[in-house]
Amino acid sequence: MNQLINLLALTALLSGCGTANKNKEDSPVSAERPNVVLIYADDLGYGDLGCYGAGHLTTHHIDALAAEGMRFTRAHASSATCTPSRYSLLTGEYAWRRPGRGIAPGDAALLIDTGITTLPSVFQEAGYATGVVGKWHLGLGPEGGPDWNGEIRPGPLEIGFNYSFLIPATGDRVPCVFVENHRVVGLEEGDPIQVNYKKKVGDWPTGKEHPELLKVHPSHGHNQTIVNGISRIGYMTGGKAALWTDENIADTLVKRAKEFISRNQDKPFFLFFSTHDIHVPRVPHERFAGKSGLGPRGDVILQLDWAVGELMQQLDRLGLAENTIVILTSDNGPVVDDGYQDQAVELLSTHQPSGWLRGGKYSAFEAGTRVPFIVRWPGKVNRGVSDALFSQVDLLESFAGLTGVKTDSLDAPDSFNMLDALLGKTKDGRPHVVEQAANGALSLVKGDWKYIEPHKGVKVMQKVNIETGAATEPQLYNLEEDPGEKENLAANHPEKVKELASLLQSVRAG
Ligand code: NG6
Ligand code: CA
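Residues numbered from 1 in each chain as written. Chains lettered and ligands numbered in written order. Predicted model: local features only at pLDDT ≥ 70, side-chain atom pairs only at ≥ 80, totals over all residues.

Under an unreviewed UniProt entry, the name given to the protein is Arylsulfatase A-like enzyme, and the source organism is Anseongella ginsenosidimutans. Entered under Sequence similarities (unreviewed entry) in the UniProt record, the comment concerning the protein runs "Belongs to the sulfatase family." (UniProt positions renumbered as here; feature names shortened; annotations may be inferred.)

Below is the structure:
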């Protein structure tokens, strides 16, 4: 019954959605089978790339993608932090509909139900080989969390991926090991891993007890177990032979991604390449250290750009580039000091990670979720710039549309088939988009207007120096005239506030 009500609400909501196509029966059965490489950067801001106006940094490879493809100016991650954005990307459902989809601890259980339609399962159904290489941060294992010393399941392989090579949570969270398919890589018998997020386990020193052992010092948090001279969030011990070396993470991930591409070159494949860059701790390989002039934060942007170049070269070398859609985007907006003293603030110079947008990671303002988004598919996607409103939550239905996969009407409830916008055939975007801030506040963008719902809480997160967008009164901005969200027009346009608040309410109820 509840499902029926939801369905009716959804149908009502979606009527009059313009070009957005939630009606599965109308999906074009084009049955195209290009490869898809989705490069998902971490904490990369709207202003962090040359092609988005970053004067201080040269991001040749990413800028080439933009020059050869379509660069979006109004594409969104669903949330201003990682776990909920990734949840939405892979399930086609706004993460705020489910409790417990905030930033996950490193020992969380898998946050995606097995058995539901997911972005990779759509590709699998279309006959693709599917792989994820990189940061996961969506939990692993059954309730109670993973068994790091045994079979780590369920995980990506149980929700639609054929291959996985993961940083289980984040670079700043334990355990600092890679997980390939169901196992920790390089784990030696007799040295089992223990992980705890509440209390210390084993006798490895912590940053709090032994700051003299650190090569990178925390600025806030991040003072628990030390691994490779960097103290992390959470406690661990054991698994010494399996520990990653931070400087080599990008190289390792690129190598695995290239191997996946080469192994699957004869069939269509979907690769979710989820980089560690440019999340903290920012510890670039020596090839990039000191090269940007902006400190480690700039250096890892160069490292990210290199990684993109490597993947493109691999596609070219294997003769696959023409038949591959490459997408580059980010899971949330930028942050300068996210918990380590890495000189990001001191060396920022005039670089603006958020571009001209207000806020950053965690924020309800635009820079929280409006992120770089580039699509390249030679001969199929026009070159240029698109201001179509787009959300990463739409990738699931859009690729179902492209590959001719029929999804069930209850799958991916927030995902619209926006294939024409994605491929640059139309500049008509989705009718509206909901943005989720780290404090839980929701905002809704429709056309030129943005509404931020009233929310109690601090106005500035002091430690990261980011405006949250929280205010007890409603906020209304005209993004066309005021992209920096400087002037709250709510008092001048009460009708608009009412319209958007009630639309947000109906999306929420859906
Ligand atoms: C925060 C961490 C931050 C980062 C973030 C998750 C502290 C003080 N801050 O809690 O460093 O890890 O979580 O980032 O611990 S995300 O991109 O994965 O969402
Ligand atoms: Ca992130």
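1. Quick notes on the confidence of the model for the protein
Per-residue pLDDT for the protein has a mean of 94; in total, 94% of the residues score no lower than 70. Confidence over residues 1-30 falls short of pLDDT 50; this stretch has 38 contacts with residues more than four positions distant or in other chains. Both scores are available for the predicted complex, with the pTM at 0.94 and the ipTM at 0.98. (pLDDT = per-residue confidence, 0-100. Contact = placed C-beta atoms within 7 Å.)

2. A word on the sheet that holds strand S19 (residues 449-452)
Spatial strand order, S17-S18-S19-S22: four strands in an open sheet with antiparallel pairing. Looking at which strands have only one partner, the edges of the open sheet turn out to be strand S17 (433-436) and strand S22 (475-478). Averaged over all adjacent pairs, the angle separating strand axes in this sheet is 20 degrees, with direction ignored. Both S17 and strand S18 (residues 442-446) contribute to a ladder of four bridges, which runs antiparallel. Residue pairing across strands places Val433 opposite Val445, the latter belonging to S18. (Pairing = 2+ DSSP bridges. Helix = DSSP H or I, 4+ residues; strand = E, 2+ residues; numbered from the N terminus. Axes fitted to C-alpha atoms, helices over the stretch in contact; angles between N-to-C directions.)

3. Quick look at the sheet that holds strand S12 (residues 269-274)
The strand order across the open sheet built from ten strands is S7-S6-S5-S4-S12-S1-S13-S14-S2-S15, with neighbouring strands paired in mixed fashion. Bordering the open sheet on either side are strand S7 (183-184) and strand S15 (384-386), each of which pairs with just one other strand. When strand S4 (residues 129-135) meets S12, the two strands line up parallel, connected through six bridges. The residue bridging Gly134 from the neighbouring strand is Ser274, located in S12. Those strands touched by helix H6 (residues 296-317) are strand S1 (35-41), S12 and strand S13 (324-330), and its axis lies near 170 degrees from that of S1.

4. Notes on the site of ligand 1
Around ligand 1 sit 17 residues in total, of which Thr81, Cys82, Gly221, Asp338 and Gly339 are the nearest. For the shell around ligand 1, the residue count by class is four nonpolar, nine polar and four charged. For the shell around ligand 1, the domains that each give at least three residues are domain 1 (35-187 + 244-430) and domain 2 (194-237). (Near = placed C-beta within 6 Å. Nonpolar A, V, L, I, M, F, W, Y, C, P; charged D, E, K, R; others polar. Domains from an automatic or database assignment.)

5. Let's talk about unusual backbone geometry
Of the consecutive residues Val174 and Pro175, the connecting peptide bond is found in the cis state with omega at 0 degrees. Residue Ile278 follows Asp277 across a cis peptide bond; omega there is 10 degrees. Structurally, Ile278 is set in the loop between S12 and H6. At Tyr362, a residue that is not glycine, the phi angle is positive and equals roughly 80 degrees. Inspection of the secondary structure assignment puts Tyr362 in the loop between S13 and strand S14 (373-376).

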